[in-house]
Amino acid sequence: MLAGTSLTLPQLLARRAQAELKDYDNFEGTAKSIIHIFLPGGLAQQESFDPKPYAPIEYRGEMRNIKTKLDGVLFGETLQKTAQIADKLCVIRSMSHGEAAHERGTHNMFTGYRPSPALQFPSIGSVISQQYGSRNNLPPYVCVPNQPNVYAGSGYLSSAFAPFSLGSDPASGGFKVRDLNLPNGVDESRFANRRSALEAVNAYFQSRETSDQINAMDSFYESAYNLISSPEAREAFDLEKEDAKLRDEYGRNQAGARMLLARRLVEAGVRMVNLTYGGWDNHDNIVAGFRRQMPSFDQAFSRLINDLDERGLLDETLVMVSSEFGRTPKINNTAGRDHWPKVFSVALAGGGMKRGYVYGSSNATASEPEENEVSVEDLFTTVYHALGIVADKELMAPGDRPIEIVDGGSVVQDLLA
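Now for a look at the structure at hand. Bear in mind that the values here come from a model prediction, so they are computed numbers and not experimental data.

1. Some thoughts on the packing of helix 4 (residues 102-111) against helix 12 (residues 376-386)
- Orientation of helix 4 relative to helix 12, taken along the N-to-C sense of each, is 25 degrees, at an axis distance of 9 Å. As the angle between them shows, helix 4 and helix 12 are arranged roughly parallel. Touching Asn 108, Met 109, Phe 110 and Thr 111 of helix 4 are Val 376, Leu 379 and Phe 380, all from helix 12.
- Across the contact of helix 4 with helix 12, the residue classes tally to 5 nonpolar, 2 polar and no charged.

Shown next as structure tokens:
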């Protein structure tokens with residue numbers, strides 16, 4: 001015990017750390033919601049958003065490229081519908097980081113941080129959840145169909161800020177979100193009695209002990225009750241409410257169902273939807289991989305952007321398409337491409353980003369950035385800025401360690417409208 005105080009040394013240091021925390025007020029950002037479409041495995045930039053038509057065949061690959069609505073801007077041949085909405089996109093062709101392993105690259109693109117053996121960083125969705133909380137009785141952060149990896153979780157933040165996962169694929173027949181309806185035999189009156197009993201139990205334990213697990217569990221139950229008791233919230237997850245023609249336009253497949261549901265969720269009030277689609281680790285036969293998976297993505301993504309725009313939601317909804325890294329400049333001896341983090345592409349749309357804009361460039365063989373290199377920290381700082389969050393704001397990690405939301409990075413002003 002310190003002389004003349006009632007605080008122990010650890011308590012005093014904890015208070016000092018709290019007092020010195022960099023804590024900025026959030027501001028009115030251009031984006032109210034974000035849809036993060038993650039293509040796991042490492043999407044090849046050459047076959048998608050950054051083809052190299054004039055490179056030798058061993059670099060450019062076998063696939064053709066197509067014109068877009070932007071003069072002089074080409075996309076890969078399987079992005080035909082996306083090429084027609086290029087005037088609504090903001091494509092970064094000069095992303096770069098140094099992590100060539102799937103896990104480490106994925107960690108980067110979900111948290112904005114390089115992996116650390118000492119600390120598990122929170123995902124952008126959990127930070128948004130912690131900063132803003134829920135709207136309209138909906139979870140602030142939803143993963144479709146499930147949390148795709150540990151890096152999409154809450155990290156050092158309370159588990160109360162972990163994502164809500166659907167538990168099943170919206171493209172499957174008879175799709176139902178788990179835990180969204182009352183159990184058999186439980187009517188509204190019995191439901192209310194159970195809630196009152198739970199609140200009494202929670203109050204008893206919280207009066208005797210404070211822990212993340214107790215507070216988080218209370219938060220989870222509160223969110224669950226809000227979901228179950230709100231018809232509007234339940235309806236947001238119900239794809240059957242959508243017009244059949246629009247469902248056809250998105251595509252009645254994994255990509256279409258997931259992106260349509262993402263639109264419904266942000267329209268209803270979810271702050272962040274993370275959805276994953278496909279597998280893009282094309283070490284072998286990259287042409288077949290793209291022709292098998294990309295048409296469904298192309299159809300759904302282009303319809304999502306147009307749908308948001310038609311509803312007046314695109315300007316306030318930031319859509320981001322990313323992957324953990326790109327692929328090697330040269331086709332390998334099994335007709336594929338290997339891991340390559342030195343340069344890759346990210347596509348953005350809406351949420352205050354410029355429309356019809358390509359930022360940065362890779363060199364002639366897509367092996368490294370040539371102009372305006374963008375780091376992961378730059379990307380995340382810019383995305384947080386669009387959401388009204390100052391990225392060097394500090395959050396408290398275990399051990400009373402203040403940690404910046406993003407360590408370094410600058411807002412890329414040229415991306416902003």
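2. Observations concerning a negative patch on the surface
- Negative charge collects at one region of the surface, where Glu 368, Glu 370, Glu 371 and Glu 373 lie side by side.
- Inspection of the secondary structure assignment puts Glu 370 in strand 14 (residues 369-371).

3. With respect to the pattern of salt bridges
- Counted under the stated rule, the structure contains 27 salt bridges.
- The partner of Glu 404 in a salt bridge is Lys 22, and the shortest N-O contact between them spans 2.4 Å. Within this pair, whereas Glu 404 is found in strand 17 (residues 401-404), its partner Lys 22 is found in the loop between helix 1 (9-19) and strand 1 (33-38), the two being separated by 382 residues in sequence.
- Look at Lys 22 and you get partly exposed, because its relative accessible area is 26%.
- In this structure, Asp 307 engages Arg 263 in a salt bridge whose closest nitrogen and oxygen atoms are separated by 3.0 Å. Placement of Asp 307 in helix 11 (residues 286-310) and of Arg 263 in helix 10 (residues 254-268) is noted, with a sequence separation of 44 residues between them.

4. Regarding the packing of helix 10 against helix 11
- For the pair helix 10 and helix 11, the least separation of the axes is 8 Å and the interaxial angle reads 20 degrees. The angle between helix 10 and helix 11 falls in the class roughly parallel. Handedness of the helix 10/helix 11 crossing: right-handed. Every residue of helix 11 that contacts helix 10 at Ala 255, Gly 256, Met 259, Leu 260, Arg 263 and Val 266 is listed here: Ser 296, Phe 297, Ala 300, Phe 301, Leu 304, Asp 307 and Leu 308.
- Classifying every residue of the contact of helix 10 with helix 11 gives 9 nonpolar, 2 polar and 2 charged.

5. Overview of empty space enclosed by the protein
- Using the criterion set out here, one finds 2 cavities of 30 Å³ or more in the structure.
- Each pocket or cavity is described by its volume, and for the largest cavity that value is around 40 Å³.
- In terms of lining, the largest cavity is formed by Thr 111, Tyr 113, Phe 121, Pro 122, Val 127, Tyr 156, Tyr 384, Leu 395, Glu 404 and Ile 405.
- Taken together, the residues of the lining of the largest cavity sort by class into 8 nonpolar, 1 polar and 1 charged.
- Here the second largest cavity is characterised by a volume of approximately 30 Å³.
- Forming the walls of the second largest cavity are Leu 43, Ala 44, Gln 45, Ser 48, Phe 49, Phe 344 and Ser 345.
- In the lining of the second largest cavity, the residues fall into 4 nonpolar, 3 polar and no charged.

6. Re the layout of surface pockets
- Considered as a void within the structure, the second largest pocket measures approximately 440 Å³ in volume.
- Contributions of two or more residues to the lining of the second largest pocket are made by helix 8 (231-236), helix 9 (244-250) and helix 10.
- Here the lining of the second largest pocket is composed, by residue class, of 11 nonpolar, 7 polar and 8 charged.

7. Describing the pairing of strand 11 (residues 344-349)
- In terms of burial, strand 11 is largely enclosed, as 6 of its 6 residues are buried.
- Covered by surrounding structure in strand 11 are Phe 344, Val 346 and Leu 348 together with Ser 345, Ala 347 and Ala 349, the residues of both alternating faces.
- Here strand 4 (residues 89-96) runs beside strand 11; their pairing, made up of 5 bridges, is antiparallel. Residue pairing for strand 11: Ile 92 is matched across the bridge by Val 346.
- As paired elements, strand 8 (residues 317-322) and strand 11 share 3 bridges and run antiparallel to each other. Bridge pairing links Val 319 to Ala 349 in strand 11.

The rules behind the values
- Residues numbered from 1 in each chain as written.
- Predicted model: local features only at pLDDT ≥ 70, side-chain atom pairs only at ≥ 80, totals over all residues.
- Heavy atoms only, no water.
- Axes fitted to C-alpha atoms, helices over the stretch in contact; angles between N-to-C directions.
- Helix = DSSP H or I, 4+ residues; strand = E, 2+ residues; numbered from the N terminus.
- Parallel < 35°, antiparallel > 145°, perpendicular 65-115°, else oblique.
- Contact = heavy atoms within 4.5 Å.
- Nonpolar A, V, L, I, M, F, W, Y, C, P; charged D, E, K, R; others polar.
- Patch = residues over 30% accessible without salt bridge, like charges linked within 9 Å, V, L, I, M, F, W, Y side chains within 5 Å.
- Areas by Shrake-Rupley, 256 points an atom, 1.4 Å probe, with all protein chains shown as cover.
- Salt bridge = Lys/Arg side-chain N within 4 Å of Asp/Glu carboxyl O.
- Lys, Arg positive; Asp, Glu negative; His and termini not counted.
- Charge placed at Lys NZ, Arg CZ, Asp CG, Glu CD.
- Buried < 20%, exposed > 50% of the residue type's maximum accessible area, 1.4 Å probe, protein only.
- Left-handed = near helix turned anticlockwise from the far one by under 90°.
- 1 Å grid on protein atoms, 1.4 Å probe; cavity = no way out; pocket = protein on both sides within 12 Å on 5 of 7 lines; lining within 4 Å.
- Points joined across faces, edges and corners; volume = space filled by probe spheres on them.
- Pairing = 2+ DSSP bridges.

Honestly, it's all geometry; don't read function into it.
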